[in-house]
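# Survey of secondary and tertiary structure
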Amino acid sequence: MTTDPFEPRPEHKFSFGLWTVGNPGRDPFGDPVRPRLSPGEIAALLGEVGAWGVNLHDNDLVPIDATPAERDRIVRDFGQACERHGLVVPMVTTNLFTDPAFKDGAFTANDPAVRALGVQKAMGAMDIGAQLGAKILVMWGGREGTETDGCRRPDVAIQRLREAVNFLCEYSISNKYDYRFALEAKPNEPRSDLYMATTGAYLGFIPTLDHPELVGVNPEVAHEHMAGLNMTHAVAQAWEAGKLFHIDLNDQVIGRYDQDFRFGAANPKAAFWLVKFLEEVGYAGPRHFDAHAYRTEGLEGVKDFARGCMRTYLILKDKAVRWIADPEISELVAELDRGSQPSPPIGQYSDATARALREHRFDRQALGARELAYERLDQLTIEILLGVR
Ligand code: GLT
Ligand code: MN
Ligand code: MN
C-alpha cells in the first residue's frame, strides 16, 4: 500500500479559523452562497480533512450578546467537539471590526468609551481562549485606521494602541494566561488606510511596549502582497528578531482587493520561497490558513479548499527539500556565495580594523565584471516547481 506523502499530519500544525472554512461566501456585492455552519460542524469538517488546530474570534463562537451562562455552555460544548474531532485551539483573537460600535476603530477610536469597550472585549476573548487552551492571541486591528486623517493625529493613534496592548499584556500576566501576542498588519480594507500597515511597522512598535518579550507578529501573505511587498522578507525580519509568533498563510494577487485565496493559488513561486524559509529555519509554530473557498463552492468545495491549502504547503515543502538537495543548485549557490578576491572582513569595529579597511585596495572593475548566474538558478527553481526536475 502506498501512503500519500502529502497527507496532513498533526506534526505539521495546520490550523484554520472558524471564520475561514465557515465563511458563507458573502462579499460586498453578494449575499451568502453557503449555509452557515455551527462551530461544532466546522470542527467536524476540520477533523475530516485532517487539520490539527482550529482558531477563533470570540464571536465566531460566542454571540456578542450572550449571557455568562450561555458563554460557559457554548465554550464547554465547543471544547468537547474539538476533543471529539482531534483538534487543538492554538490561537484566539477578538472581533473588533464587525459591531457598529467599532466603526471608528477600537483601541484607537476617539471615544474613550469605545476604546475601553474594545479592551474589555479583548479581555473576554482571552478568557475564552484560556478555557480552550490557546496560548497565542492574535490582534488584527481591522478598523484601526482612517478615511480622513482629519479625525485624529496618527501619532495619538499609536499611543492609544500602545496603552491597550500594555493593558492586555498585564491582564494576561495577572491571570497567568501565558499568552504570546501576535500583531497582524494590513495596509487597507476595511478602512481606507489602516495604522500599522506592514509587519515591519509592528516590528518597530513592539520595542516601545512595556512587555516587548510577550509581543510578536502574525504576518499574512495576502496583507503583505496587498502592499506590493515580499512576504518572505517580512517573515525573515520577524524571525530574525525572534518575533515570528504566528503566521497567516493564504494568497493574493498584488494590487487587488482583499482576496484571501487558498495558499499558493496566486503566486506559487512566492509561496515556495516562504515554505522553504519556514522549513529551513525550523519555524515550530502553527501554520494557519487564513483564507476561504471561492464563492462558487459548496460544502465539498470548502473541503477541496482546505485540503488544497495543506497539500500545497506539503508539496512546496517537498520541492524545498529537492531544491536544497539538487547538486547543480547547491554547486551554483556555493559558487554565487564565494568571495572573488581577498578583502578585510568588516566584523567588529576597532581602530585597527577600520585602518585595514581604509587602506585596502579593491579591484572594483573585477567586482563589476563578475557574472552572477541567477538566471540559471531561477530557471532551475522554476523547473523544480513545474515538476520537470
Ligand atoms: C479577518 C482578517 C484576517 C485576520 C482575522 C483575525 S479576521 O478575516 O481578514 O486577516 O487574521 O482577526
Ligand atoms: Mn486577510
Ligand atoms: Mn489574517
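The shown structure was predicted, so the numbers you read here are calculated from the model rather than taken from an experiment. (Residues numbered from 1 in each chain as written. Chains lettered and ligands numbered in written order. Predicted model: local features only at pLDDT ≥ 70, side-chain atom pairs only at ≥ 80, totals over all residues. Heavy atoms only, no water.)

## As for the pairing of strand 1 (residues 14–17)
- Of the two faces of strand 1, the one holding F14 and F16 and the one holding S15 and G17 are both buried throughout.
- By the bridge criterion, 3 bridges tie strand 1 to strand 10 (residues 287–289) in an arrangement that is parallel. Note on strand 10: the bridge partner recorded for F14 is R287.
- Sheet topology note: the strand 1/strand 2 (residues 53–57) ladder contains 3 bridges and is parallel. From the neighbouring strand, S15 faces strand 2, where its bridge partner is G53. (Buried < 20%, exposed > 50% of the residue type's maximum accessible area, 1.4 Å probe, protein only. Helix = DSSP H or I, 4+ residues; strand = E, 2+ residues; numbered from the N terminus. Pairing = 2+ DSSP bridges.)

## Things to note about the pairing of strand 4 (residues 136–140)
- Within strand 4, 5 of the 5 residues are buried, which leaves it mostly tucked inside the rest of the structure.
- A two-sided burial pattern is seen for strand 4, the buried positions comprising I136, V138 and W140 on one face and L137 and M139 on the other.
- Where strand 3 (residues 91–93) lies against strand 4, 3 bridges are found, and the strand directions are parallel. Within strand 4, the position partnered with M91 by the bridge is I136.
- You can see the chain leave strand 3, run along helix 5 (residues 112–132) and come back into strand 4, and the turn it takes is right-handed.
- Both strand 4 and strand 6 (residues 180–184) contribute to a ladder of 5 bridges, which runs parallel. From the neighbouring strand, M139 faces strand 6, where its bridge partner is L183. (Right-handed = clockwise from strand over helix to strand, strands pointing away.)

## Notes on the coordination of the manganese ion (ligand 3)
- Bound to the manganese ion (ligand 3) are the protein donor atoms E184 (OE), E220 (OE), D248 (OD) and D290 (OD), situated 1.9 to 2.2 Å from the metal.
- Angles of 76 to 167° at the metal separate the 6 donor atoms of the manganese ion (ligand 3), which places the site in the octahedral class.
- One chain supplies every donor for the manganese ion (ligand 3), spaced along it as E-x35-E-x27-D-x41-D.
- A gap of 4.2 Å separates the manganese ion (ligand 3) and the manganese ion (ligand 2), which E220 links by coordinating each metal. Placement of E220 in the loop between strand 8 (215–217) and helix 8 (221–226) and of D290 in the loop between strand 10 and helix 11 (299–325) is noted, with a sequence separation of 70 residues between them. As far as burial versus exposure is concerned, E220 and D290 are alike and both buried. (Donors = N, O, S within 2.8 Å, 3.2 Å for Na, K, Ca; no water. Tetrahedral: all angles 85-135°; square planar, octahedral: opposite > 155°, others 65-115°.)

## A short note on the packing of helix 10 (residues 268–281) against helix 15 (residues 374–385)
- Viewed as axis vectors pointing N to C, helix 10 and helix 15 meet at an angle of 95°, and their least axial separation amounts to 11 Å. Taken together, the axes of helix 10 and helix 15 lie roughly perpendicular to each other. Along the contact surface, helix 10 presents K269, F272 and W273, while helix 15 presents D378, T381, I382 and L385.
- Considered class by class, the residues forming the contact of helix 10 with helix 15 number 4 nonpolar, 1 polar and 2 charged. (Axes fitted to C-alpha atoms, helices over the stretch in contact; angles between N-to-C directions. Parallel < 35°, antiparallel > 145°, perpendicular 65-115°, else oblique. Contact = heavy atoms within 4.5 Å. Nonpolar A, V, L, I, M, F, W, Y, C, P; charged D, E, K, R; others polar.)

## Observations concerning the coordination of the manganese ion (ligand 2)
- Coordination of the manganese ion (ligand 2) by the protein comes from E220 (OE), H223 (NE2) and D260 (OD), over a distance range of 2.2 to 2.7 Å.
- Here the donor residues of the manganese ion (ligand 2) share one chain and are spaced in sequence as E-x2-H-x36-D.
- Take H223: its relative accessible area is 4%, and that puts it in the buried class.

## Comments concerning the environment of R376
- Residue placement: R376 occurs in helix 15.
- Put simply, R376 and V221 are 155 residues apart on the chain and 27 Å apart in space, counted from C-alpha to C-alpha.
- Those residues in contact with R376 that sit more than four places away from it in its chain are E328 and L332.

## Quick look at the layout of surface pockets
- Empty space within the largest pocket amounts to approximately 1,800 Å³.
- Looking at the largest pocket, it is lined by 49 residues, and the ones nearest its centre are W19, N23, R26, F97 and H292.
- For the lining of the largest pocket, the secondary-structure elements that each account for two or more residues are helix 1 (18–21), helix 2 (39–49), helix 3 (58–61), strand 3 and strand 4.
- Ranked by residue count, the leading element in the lining of the largest pocket is helix 1, at 3 residues. (1 Å grid on protein atoms, 1.4 Å probe; cavity = no way out; pocket = protein on both sides within 12 Å on 5 of 7 lines; lining within 4 Å. Points joined across faces, edges and corners; volume = space filled by probe spheres on them.)

## Here we look at the nonpolar core
- Grouped together as the largest cluster of nonpolar side chains are 93 residues, with contacts concentrated most on F16, L46, L61, F78, F107, F181 and F263.
- For this core, the element with the highest residue contribution is helix 11, accounting for 10 residues.
- In terms of nonpolar packing, the next biggest core, distinct from the first, is built from 5 residues, M91, I136, A182 and F245 among them. (Core = buried A, V, L, I, M, F, W, Y, C linked by side-chain atoms within 4.5 Å.)

## Structural notes on the side chain of N23
- Within the element layout of this structure, N23 appears in the loop between helix 1 and helix 2.
- Among the residues examined, N23 registers a relative accessible area of 16% and is labelled buried.

## Considerations on the packing of helix 9 (residues 231–240) against helix 10
- The geometry of helix 9 relative to helix 10 is characterised by a closest axis approach of 9 Å and an angle of 20° between their N-to-C directions. The orientation of helix 9 with respect to helix 10, classified from their angle, is roughly parallel. Between helix 9 and helix 10 lies a crossing of right-handed hand. Facing M231, T232, V235, A236 and W239 of helix 9, the residues of helix 10 in contact are A270, W273, L274, F277, L278 and V281. (Left-handed = near helix turned anticlockwise from the far one by under 90°.)

## Points about the pattern of salt bridges
- The final tally for this structure, using the stated rule, is 22 salt bridges.
- Salt bridges sharing common partners tie together E48, E300, K303 and R307. (Salt bridge = Lys/Arg side-chain N within 4 Å of Asp/Glu carboxyl O.)

## A short note on the sheet that holds strand 10
- Pairing is parallel across the open sheet formed by 8 strands, whose spatial order is 8-6-4-3-2-1-10-9. Unpaired on one side and paired on the other, strand 8 and strand 9 (248–249) mark the two borders of the sheet.

All quantities given are derived from atomic positions and should not be read as evidence of function.
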